[in-house]
Amino acid sequence: MQKETGLVHIYYGDGKGKTTTGMGLVTRAAGYGYRVLLYQFMKNNKTSERKILEQVPNITIVDGLEQEKFSFQMTEEEKAERRNFYNGQFQKVTKKAVEEEYDVLFLDETIYTITAGLLDEQPVLDFLAQKPEKLEVILTGNTPSEKMLEAADYVSEIRKIKHPFDKGQRARNGIER
């Protein structure tokens, strides 16, 4: 099984389905036999997709925080703590991806975490520029910078036209979370 050069994917926008798209891609890659490493920024360790993906032999999920909240709900002290934590997690996860020679790295909500000021963008850009040639990288989030868009090979915008949240519908287990 020979993989061509690994590329960088960005799925972004205000619409539902960015994480779902990334999860579909890692499922496809794992089904083909690729080794996948997954980390979810800004999410706890209880997302519904984890329950099934944890059972797939060639998908490894790195744990994050047990409890998480939206960045706009955080105090400045919490934001500083998260910034330290997420910058450390980024270094830890990317080091693991490189040293253990994973085929696919999915960094869910990376772009949102950068936009919220909880992850430094430059180390992400540096990693993308220096990543192993065959490593496929998937990033998701809301509003990537021009530099992030330039660093990507695939860029797909997922735009909200209509969403039940607009009418007060809360996120549903198994559908939105």
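Residues numbered from 1 in each chain as written. Predicted model: local features only at pLDDT ≥ 70, side-chain atom pairs only at ≥ 80, totals over all residues. Heavy atoms only, no water.

Novice: Residue-level account of the overall build of the chain, with values.
Specialist: When its secondary structure is counted, the chain shows six helices and six strands. Listing every helix and strand of the chain by position from the N terminus yields β-α-β-α-β-α-β-α-α-β-α-β. Computed over the C-alpha atoms, the radius of gyration of the chain is 16 Å, within 12% of the 16 Å expected from 2.2 N^0.38 for a compact globule of 177 residues. Considering only C-alpha atoms, the chain reaches an extent of 50 × 30 × 30 Å along its principal axes. Each of the 177 residues in the chain was classed as buried or not, and the buried ones make up 45%. Of all intrachain contacts in the chain linking residues separated by at least 6 positions in sequence, the fraction that spans at least 24 positions is 74%. Side chains of the chain give 26 positive and 28 negative charges; the mean places of these two sets differ by 7 Å. (Helix = DSSP H or I, 4+ residues; strand = E, 2+ residues; numbered from the N terminus. Rg over C-alpha atoms; globule rule 2.2 N^0.38 Å. Buried < 20%, exposed > 50% of the residue type's maximum accessible area, 1.4 Å probe, protein only. Contact = heavy atoms within 4.5 Å. Lys, Arg positive; Asp, Glu negative; His and termini not counted. Charge placed at Lys NZ, Arg CZ, Asp CG, Glu CD.)

Novice: Give me the environment of I161: which residues, what numbers.
Specialist: In this fold, I161 is placed in the segment after β6 (154-157). Overall, the relative accessible area of 66% leaves I161 in the exposed class. Sequence separation of I161 and N173 is twelve residues, and the distance between their C-alpha atoms is 22 Å.

Novice: A description of the side chain of K43 should follow, citing residues and the corresponding values.
Specialist: Along the chain, the position of K43 falls in the loop between β2 (36-40) and α2 (48-53). Within the local environment of K43, its side chain forms a polar contact with the side chain of D108, the two groups lying 2.8 Å apart. (Polar contact = N/O pair within 3.5 Å; in protein donor to acceptor, adjacent residues only side chain to side chain.)

Novice: Lay out the environment of Q73 in plain terms, naming residues and giving numbers.
Specialist: Here Q73 lies in the loop between β3 (59-62) and α3 (76-99). Taking the C-alpha atoms as reference points, Q73 and I175, 102 residues apart in sequence, are found 23 Å from one another.

Novice: Explain the nonpolar core residue by residue, including any values.
Specialist: Grouped together as the largest cluster of nonpolar side chains are 30 residues, with contacts concentrated most on F41, L105, L107, L128, V137, L139 and M148. At the level of elements, β1 (8-12), β2, α3, β4 (104-108), α4 (110-115), α5 (121-130) and β5 (136-141) are the ones that each hand at least two residues to this core. Not counting chain neighbours up to four residues away, the residues in contact with V137 comprise L7, V8, H9, L105, F127, L128 and K131. Y11, V26, A29 and I59 belong to the second-largest nonpolar core, a separate cluster that totals 15 residues. (Core = buried A, V, L, I, M, F, W, Y, C linked by side-chain atoms within 4.5 Å.)

Novice: Can you explain unusual backbone geometry? Please cite residues and give values.
Specialist: With the exception of glycine, most residues fall at negative phi, and the peptide bonds are largely trans. The backbone of E101 sits at a positive phi, close to 55 degrees, despite the residue not being glycine. In this structure, E101 sits in the loop between α3 and β4. Taking relative accessible area as the criterion, E101 reaches 62% and is therefore assigned exposed. Positive phi is not limited to glycine here, since E109 has a value of about 65 degrees. Here E109 is to be found in the loop between β4 and α4.

Novice: Tell me what's going on with the pairing of β4, and back it up with residues and numbers.
Specialist: The buried fraction of β4 amounts to five of the five residues, a majority that puts the element mostly inside the structure. Side chains V104, F106 and D108 of β4 all project onto a buried face; the interleaved residues L105 and L107 project onto the opposite face, where all are buried too. Pairing geometry for β2 and β4, over five bridges, is parallel. Directly across from Y39, in β4, lies its bridge partner L107. Sheet analysis places β4 next to β5, joined by four bridges and oriented parallel. (Pairing = 2+ DSSP bridges.)

Novice: So what about the environment of G15? Which residues, and what values?
Specialist: Within the secondary structure, G15 is located in the loop between β1 and α1 (18-32). Relative accessible area serves as the criterion here: at 6%, G15 is assigned to the buried category. With 79 residues separating them along the chain, G15 and T94 place their C-alpha atoms 27 Å apart. Every residue in contact with G15, bar those within four places of it in the chain, is listed here: I158, R159 and K160.

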